[in-house]
Amino acid sequence: MAKMEKLALVLLLLLGTSALFVKCDDLDEDETPKVPEEESDEGTDKDGVLEEEDVLVLTSANFDKVINSEDIILVEFYAPWCGHCKSLAPKYASAAKTLKDHDPPIPLAKVDATENEDLGTRFEVSGYPTLKFFKDGQAFDYEGGRTEFDIVNYMKERADPLWRPPPDAVMTLTSDNFTEVVNREELILVEFYAPWCGHCKRLAPEYEKAAKTLKQRQPPIPLAKVDATVSAELAKEYGVSGYPTLKMFRKGRVSEYKGEREERGIVGYMIQHQGEAAKELESDKAVRNYMSDDDISIIAFFSSKDDPRLQMYMDAANDMRDDFNFAFTLSSEARNRYKVNPGSVVVFNAERYYTKFEPKWHILNKEELTSEDVSEFVKAHQVPLVGTYDRSTERRYDTLKPLCFVFYTVDWSFDGREATQIWRRKMADIAKDYKNEIYFVIANEESNDALIKDFQFEESGEEMNIGIVDGKQKKYPMETFEDFDADDIREFLNNYKKGKVNPIVKSQPIPKKQGPVITVVGKTFDKIVRDNNKDVLIEFYAPWCGHCKSLEPKYKELAKKYKSTKKLVIAKMDATANDVPEDFKVEGFPTLFFVRSGDSKPVKYEEGREVEDFSKYLEENASSLGKKAKEEL
């Protein structure tokens, strides 16, 4: 019985296996069993545009078609790696889902601006995420919040058929209304622009945002613009030579705008310049309290506000308010105290810097006073005979050369000021003999370690070190000394004046071998770059600069291309490790200059940075190549 049961079980197993083989054989050769797919949030809308979590995915190929087909749509320009974009994503998706059910639906879309760079450039996307909404195909900056609630309500408001974009906050001026407006306003900023100018286009949204913010102030500060290509005579009248040019006007009186060119910078600068720069001191006591202990004090003394010289003084104060503080008084008691006549402008030295070698104050008094007179007078007396070089004064001293630095422990605290003054007064006794030839400052060696290194004093170990910086930023150190000797210091100063002191040249070691691109260092600069017999294209770079690294293979290819042209040098120099001559002004990396043989004046290279661009430029400008060479044959 047991055997029969086992036999039956075997037969059943065989029949099941056979059935399985038959089922598999029924499949076509290329067919595979279907596996149930997981549900996906991706899909397509009615026009075949990809959707992710109810957000339309736009690309360069479908962007214009989608935008023009919608009455209103919100678009996020994002980067996949952007943390802020990742944080916004779930809120943006929730808002998209909600607005999809709105009557009529309001679509939300997104663009990967790293994959679709042309769209990022076209809509001037400079940060991520950037949101813009499009109504009837016209782009507007999204200025709402970044929560689901904010996005939904913002877009519902703008979807209303009655919604209209607010008028531009920036006023448009022309030759017809310019004078009337600038003469009327207490303070107004005017941009002179050209419609085709890329810099103007980049400034435009920042300028508009700043105008909106400043319009809300009490009193408001208006911002305006002038198309300089249309109002050409107006632009010429105000010396506009490039675009955009920004100028401030106070009741028609013009001054230069020196602030930043983004919203926050424009707003801050204009608020800072609201109101007159010179404050009124109403009494003799107020004048005495105004005096600064550590900087010059500039005060004008008048008998009446009707004195026309007061307005000239105000104009100068407004022009120079970034660098100096100004005040004026009508107090006769104050005039008598300082023995000055009405209409006098006085620059008071800080009490800290009084010496017997210079007056305590300087007086300007002219019947016909101009704002230029005031500016020149202040600049002539802006520093004492021997002042202090620190963060608050370096901007002022950077314009005064040659400048003699006296490095030691400068300490203006109660405990340190006596020792500080002893050395400063000793230097003043020397400095008096070099007025109008050399400027002098004391500088704390601990807080000026970069300068100490530039002068190569870091290993000195002496209590005091002295060096000179000239107008070309060259540095001339005095040999270290143990004891202060006025005669030795005078000898150093006199030798400097005679050209007998050699400057320090910051330089990397001279390369033992050269590649196709010639490496220039501080010590070889003049020999290679200023060689009158050769054309030289030189790149100033920084080792950490990404743009420099990107340029490197192209620049090397260019050098190989012209390797056989002996009178053409393709060179490079690390501008962070070597002194760069003053006439090669490097303001960013990489910066390139071309020096043509026989002409020592460098020309900044501002063309394209592909090998073909460089080649075209050299063929047209190098005396050893192309057109220039043929013209000279």
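Because the structure is a prediction, the values reported are computed rather than measured.

Draft legend 1. Geometry of the pattern of salt bridges. Within the structure shown, the criterion is met by 29 salt bridges. Glu 256 is the salt-bridge partner of Lys 247, the closest N and O atoms lying 2.6 Å from each other. Residue Glu 587 pairs with Lys 585 through a salt bridge whose shortest N-O separation is 3.7 Å. One exposure class covers both Glu 587 and Lys 585, and it is exposed. Look at the salt bridges and you will find they share partners, linking Asp 429, Lys 432, Asp 433 and Arg 490 into a network.

Draft legend 2. Local environment of helix α19 (residues 546–561). The first and last C-alpha atoms of α19 sit 24 Å apart over 16 residues, in line with the 22 Å expected at 1.5 Å per residue. At Glu 552, α19 is bent by approximately 40°, the largest bend along its length, and proline Pro 553 sits one to four residues beyond. Buried-residue contacts for α19 involve β24 (535–541), β25 (568–574), β26 (591–595) and α20 (611–621).

Draft legend 3. Representation of helix α15 (residues 417–431). Taking 1.5 Å of rise per residue, 15 residues should cover 21 Å, and α15 covers 20 Å from first to last C-alpha, within 8% of that figure. Inspection of α15 places Thr 420, Gln 421, Arg 424, Met 427, Ala 428, Ile 430 and Ala 431 among the buried residues, and these make up the whole buried set.

Draft legend 4. Highlighting the pairing of strand β3 (residues 55–58). What you see with β3 is no split at all: Val 55 and Val 57 on one side and Leu 56 and Leu 58 on the other are buried throughout. Sheet topology places strand β2 (residues 50–52) next to β3; two bridges connect them, and they run antiparallel. Counted as the bridge partner of Glu 51 is Leu 56 from β3. Taken together, β2 and the strand that follows it, β3, pair antiparallel across an intervening segment of two residues, in which Glu 53 is found at a positive phi of about 50°. Pairing of β3 with strand β5 (residues 108–112), which is carried by three bridges, proceeds in the parallel orientation. Considered in β5, the bridge of Leu 58 is made with Val 111.

Draft legend 5. Examining the side chain of Glu 191 more closely. Position of Glu 191 among the secondary structure elements: in strand β9 (residues 188–193). Buried charge without a salt bridge: Glu 191, with Lys 225 as the nearest opposite-charge side chain at an N-O distance of 6.6 Å. In this structure, Glu 191 is in contact with Cys 200, Leu 203, Tyr 207, Ala 224, Lys 225, Val 226, Pro 244, Thr 245 and Leu 246, ignoring residues within four places of it in sequence.

Draft legend 6. Structural view of the sheet that holds strand β20 (residues 439–444). Spatial ordering of the open sheet is given by β18-β20-β19-β21-β22, a layout of five strands whose pairing is mixed. Two strands lie at the open edges of the sheet, namely β18 (386–388) and β22 (475–477), each paired on one side alone. Between one strand axis and the next, the sheet turns by 30° as a mean value, whatever way the strands run. When β18 meets β20, the two strands line up parallel, connected through three bridges. Across the sheet, the residue bridging to Val 386 is Phe 440, located in β20. The sheet contacts of helix α17 (residues 486–497) involve β19 (403–408), β20, β21 (465–469) and β22, and relative to β21 the element is tilted by about 15°.

Draft legend 7. Local environment of the layout of surface pockets. There is about 1,400 Å³ of room inside the largest pocket. Among the elements of the structure, β6 (130–135), β7 (138–141), α5 (148–159), β9 and α7 (198–215) are those that each provide at least two residues to the lining of the largest pocket. Approximately 860 Å³ is the volume attributed to the second largest pocket. Forming the walls of the second largest pocket are 26 residues, and the residues nearest its centre are Lys 472, Gln 473, Asp 579, Val 580 and Pro 581. Per-element accounting of the lining of the second largest pocket gives the leading share, three residues, to helix α18 (residues 525–529). By residue class, the composition of the lining of the second largest pocket is nine nonpolar, four polar and 13 charged.

Calculation rules
Residues numbered from 1 in each chain as written. Predicted model: local features only at pLDDT ≥ 70, side-chain atom pairs only at ≥ 80, totals over all residues. Heavy atoms only, no water. Salt bridge = Lys/Arg side-chain N within 4 Å of Asp/Glu carboxyl O. Buried < 20%, exposed > 50% of the residue type's maximum accessible area, 1.4 Å probe, protein only. Helix = DSSP H or I, 4+ residues; strand = E, 2+ residues; numbered from the N terminus. Expected span 1.5 Å × (residues − 1). Bend = angle between axes of the 7 residues up to and from the residue. Contact = heavy atoms within 4.5 Å. Pairing = 2+ DSSP bridges. Lys, Arg positive; Asp, Glu negative; His and termini not counted. Axes fitted to C-alpha atoms, helices over the stretch in contact; angles between N-to-C directions. 1 Å grid on protein atoms, 1.4 Å probe; cavity = no way out; pocket = protein on both sides within 12 Å on 5 of 7 lines; lining within 4 Å. Points joined across faces, edges and corners; volume = space filled by probe spheres on them. Nonpolar A, V, L, I, M, F, W, Y, C, P; charged D, E, K, R; others polar.

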